[in-house]
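Take a look at the letters that make up each chain.
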Amino acid sequence: MKKTKKNKILVPVDGSDRALNTVRYVARVDPFRNMDIILFHVFNSVPEGYWDLEKDPRSTSTVRQVKSWEVQQRKNIEQYMEQANQLLLKVGFSSESITIKIQNRKKGIARDIISEARKGYVAVVTRRRGLTGLRGIVLGSVATKLVEKLTFIPLILVGKRTPNKKILLAFDGSENAASAVNFVGSFLGGLDYEVSLFHVIRSNGEGQPEYQHIFSSKEYTRAASKEMSETLKAAQTKLIDMGLKTDMVSTQIAEKAISRAGAIADRAKQEDFGTIVMGRRGHSRNRDFFLGRVTNKVIHMARDRTVWVIR
């Protein structure tokens, strides 16, 4: 019997405790159990040009020390990768579904991750900050580059909070939002997850005259709300058709918000949604923006939540 090919998830890890928490996230999220998990590390080996020092007798001791350092670093990362592997095995992942891949750095950590991601993966799961994460920084340098450049498959940015089964899907009716619905449906169909489709309309700003210039008129708000209600209903029906339970998929429209991103982040916090799902870009597809403004703001405002960025 021919073996069914499973979806592949790429999990870059850098040797940090934060990256191990990313592996713990994968271990706790039900859909990953039916996928192949590739634990991927880009190893910073000593540049080849350095070995030209071997030709200089005066550098023999230095070269020996560097070789010893590199051997030890590789040994350390191999032990680390095995630790990550064991985290998955202990919660029931099969050994056949886990692959450890250590690759010498070629073009740069982020670029090497992106190159690997082109090899048939359905998503990349990564931590917001890695080995050199600084307090107060929302995204590390590698995560920032992945958000900017990884435009062809979903990117899952893991937050600090332990994942739950509550998903807030920010929906604006755009092509990317439709892709987000498809991804959530295919990813969570048949599982007991709660999904709330959430749309935000900046309203007429009653009682807030200083914000009048950015709000829509009452007439526009009513018309937009009615139109979006129908679109949300269609998206809700699609999620149910894809296997989510009828009573677990809801819709909501927020009409009186100063900030779309703020409304999304606030609702996630107030109603304990552990995951926010957003399209990479909304209706504005300006080529000058690698990421939609609302999505970018939500990533920074909801820093403790996991955010799925869907192309």
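Chemist: Where do I start with the sheet that holds strand E6 (residues 166–170) in this structure?
Modeler: Hydrogen bonds along the backbone pair up the strands of a sheet, which may run parallel or antiparallel. A sheet is described by the order of its strands in space; here 10 strands give the open sequence E3-E2-E1-E4-E5-E10-E9-E6-E7-E8, paired in mixed fashion. At either end of the open sheet lies a strand with only one pairing partner, and these are strand E3 (98–104) and strand E8 (249–254). Adjacent strand axes in the sheet meet at a mean angle of 20°, parallel and antiparallel pairs treated alike. Of the pairings in the sheet, the one linking strand E1 (residues 8–12) to strand E4 (residues 121–127) comprises 3 bridges and is parallel in character. Each bridged residue has a counterpart across the sheet, and for lysine 8 the counterpart in E4 is tyrosine 121. Packed onto the sheet, helix H5 (residues 175–188) meets E4, E6, strand E7 (194–200), strand E9 (275–279) and strand E10 (306–310) and runs at close to 120° relative to E10. Lying on the sheet, helix H8 (residues 293–301) is in contact with strand E5 (155–158), E9 and E10; it crosses E9 at an angle near 160°.

Chemist: Got a minute to help me understand helix H3 (residues 109–117) in this structure?
Modeler: Counting along an α-helix, one turn takes 3.6 residues, and residues three or four places apart therefore face a common direction. Residues of H3 that are buried include every one of Ala110, Asp112, Ile113, Ile114, Glu116 and Ala117, and no others. Contact partners of the buried residues in H3: E1, strand E2 (36–43), E3, E4 and helix H4 (141–149).

Chemist: How should I be thinking about the packing of aromatic side chains in this particular structure?
Modeler: The geometry of an aromatic ring pair comes down to the distance between the two centres and the angle between the two planes. Applying the stated criterion to the full structure yields 5 aromatic pairs. Judged by centre distance (5.9 Å) and plane angle (85°), the rings of phenylalanine 183 and tryptophan 308 are edge-to-face. On the criterion of sequence distance, the pair formed by phenylalanine 183 in helix H5 and tryptophan 308 in strand E10 is long-range, its members being 125 residues apart. The exposure class of tryptophan 308 is buried, given its relative accessible area of 1%. When the centroid spacing of 5.3 Å and the interplanar angle of 90° are considered together, the rings of phenylalanine 187 and tryptophan 308 count as edge-to-face.

Cut-offs used in this document
Residues numbered from 1 in each chain as written. Predicted model: local features only at pLDDT ≥ 70, side-chain atom pairs only at ≥ 80, totals over all residues. Heavy atoms only, no water. Pairing = 2+ DSSP bridges. Helix = DSSP H or I, 4+ residues; strand = E, 2+ residues; numbered from the N terminus. Axes fitted to C-alpha atoms, helices over the stretch in contact; angles between N-to-C directions. Contact = heavy atoms within 4.5 Å. Buried < 20%, exposed > 50% of the residue type's maximum accessible area, 1.4 Å probe, protein only. Phe/Tyr/Trp six-rings, centres within 6.5 Å; stacked < 30°, edge-to-face > 60°.

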